[in-house]
Amino acid sequence: MALEIVATEATLGAVVRGVRLAALDDAEFAAIERAWDDHAVLVFPGQNLSEAEQVAFSRRLGPLERSLTANNVGADPEVIVLSNMRDDGTLWPARSAHGLFLQGNNYWHTDSSYKRVPSKGSALAARVVPQTGGETAFADMRAAWDALDAEMRGWLEDKRAVHSYAYSQGKVGGTEKLSKDEWDALPPVEHPIARRHPATGRRSLYIGRHASHIAGEDEERSRALLERLCAEACRAPRVFTHRWRAGDLVLWDNRCVLHRGLGHPADQKRHMTRTTLAGDGASNEWSLSAP
Ligand code: OGA
Ligand code: MN
């Protein structure tokens, strides 16, 4: 079966079939990179990659990012384990620090926006999925920018948001999973709200749960504005929701997409592995150099 790329009905997202990510030739890889720029989220059903194959595919897109240790990093620092299963197969209670830490993912966000150099993209693979719920939703921040009125775009153009993990995760809980050294490495950082994609030149709205307020503006009022912008952005036709089957892999562009988990019954297992692409730019202290 030849490579097939079918766009979703939303403004972002496409489903890609007819390729094996574990054995891509250069032409297929180039087609996937082009499709990623066009659609921002690519769903690859039924890939069943090993962790090593997930890492190898992700590395073709760029160097990977070092995660927070609280992300339950296993033997390989390049693989983030998002799982409610303990090593012995029992489940973490939803109200445990680990459960709360995972729940942070259920609010619209873009990965690592609280870092000085945020992530470029993420690849998430489903290994154990719950029977009900556990979907991941994606929202198109390019289309969200385009949908703003000219006055708002003009006002936001040169504004920067303060992104803070202490702010975002502090609202949810589970913050004790980070060590003091790790907190020290995560001071609040500023990023432009209007972001231009380096490959497509398209503008997008760079906000989400880690964005606490707008630099230089009244904190409370600018926080309320960011919340309103996020709520309006993350609506049809800009949202695509993926219902996982074990073996699927989804690749998204953190520079122009927000995402969130939709949650699932706490007594059902869910085990996912994520590889995270380090952001471009010289001297990214979060980038893991290729071995
Ligand atoms: C992530 C994330 C949401 C989910 O992997 O970065 O936010 O549905 N995941 O697991
Ligand atoms: Mn995430």
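Here the structure is a predicted model, which is why all the values come from computation and not from measurement. (Residues numbered from 1 in each chain as written. Chains lettered and ligands numbered in written order. Predicted model: local features only at pLDDT ≥ 70, side-chain atom pairs only at ≥ 80, totals over all residues. Heavy atoms only, no water.)

J.: Would you mind showing me how to read the overall build of the protein chain here?
T.: Scanning the protein chain from N- to C-terminus turns up 8 helices and 17 strands. Scaling as 2.2 N^0.38, a compact globule of 291 residues should have a C-alpha radius of gyration of about 19 Å, and the protein chain matches this with 18 Å. Along the first, second and third principal axes, the C-alpha set of the protein chain runs to 50 × 40 × 40 Å. Within the protein chain, the fraction of its 291 residues that count as buried is 52%. Considering only residue pairs separated by 6 or more positions, the protein chain has 81% of its internal contacts joining residues 24 or more positions apart. Summed over its atoms, the accessible surface of the protein chain is roughly 13,100 Å², and 49% of this surface lies on carbon and sulfur atoms. The averaged location of the 39 negative side-chain charges in the protein chain is 2 Å from the averaged location of its 36 positive side-chain charges. (Helix = DSSP H or I, 4+ residues; strand = E, 2+ residues; numbered from the N terminus. Rg over C-alpha atoms; globule rule 2.2 N^0.38 Å. Buried < 20%, exposed > 50% of the residue type's maximum accessible area, 1.4 Å probe, protein only. Contact = heavy atoms within 4.5 Å. Areas by Shrake-Rupley, 256 points an atom, 1.4 Å probe, with all protein chains shown as cover. Lys, Arg positive; Asp, Glu negative; His and termini not counted. Charge placed at Lys NZ, Arg CZ, Asp CG, Glu CD.)

J.: Honestly, the sheet that holds strand β12 (residues 211-214) in this entry has me stumped. Any pointers?
T.: Strand order in the open sheet formed by 3 strands is β9-β8-β12, with antiparallel pairing between adjacent strands. Strands at the two margins of the open sheet, each flanked by one partner only, are β9 (189-192) and β12. Pairwise comparison of adjacent strand axes, ignoring direction, gives a mean angle of 35° for this sheet. Bridge count between strand β8 (residues 160-163) and β9: 4 bridges; the pairing is antiparallel. Directly across from Arg160, in β9, lies its bridge partner Pro192. (Pairing = 2+ DSSP bridges. Axes fitted to C-alpha atoms, helices over the stretch in contact; angles between N-to-C directions.)

J.: Can you walk me through the sheet that holds strand β7 (residues 136-140) in this structure?
T.: Strand pairing in a sheet relies on backbone hydrogen bonds, with the paired strands running either antiparallel or parallel. Strand order in the open sheet formed by 3 strands is β13-β7-β15, with antiparallel pairing between adjacent strands. The sheet is open, and its two edges are formed by β13 (239-242) and β15 (257-261), each paired on a single side. Pairwise comparison of adjacent strand axes, ignoring direction, gives a mean angle of 20° for this sheet. The pairing of β7 with β15 spans 5 bridges and is classified as antiparallel. Note that in β15 the partner of Asp140 across the bridge is Val257.

J.: Whenever I open this one, the state of the cysteines confuses me. Can you help?
T.: A covalent bond bridging the sulfur atoms of two cysteines is what the word disulfide describes. Enumeration according to the criterion identifies 0 disulfides in this entry. Cys230 carries a free sulfur, and the closest cysteine sulfur to it, the one in Cys234, is 4.2 Å from it. Cys230 sits in the buried class, given a relative accessible area of 12%. (Disulfide = S-S within 2.5 Å.)

J.: Sorry if this is basic, but what is going on with the coordination of the manganese ion (ligand 2) here?
T.: Ideal donor angles around a metal are set by the shape: a four-donor tetrahedron calls for 109.5 degrees, a six-donor octahedron for 90 or 180 degrees. Coordination of the manganese ion (ligand 2) by the protein is provided by His109 (NE2), Asp111 (OD) and His259 (NE2), with metal-donor distances spanning 2.1 to 2.2 Å. Positions of the donor residues of the manganese ion (ligand 2) along the chain correspond to the pattern H-x1-D-x147-H. Of this pair, His109 sits in the loop between α3 (97-103) and β6 (121-128) while His259 sits in strand β15, placing them 150 residues apart in sequence. The two residues His109 and His259 agree in class, both being buried. (Donors = N, O, S within 2.8 Å, 3.2 Å for Na, K, Ca; no water.)

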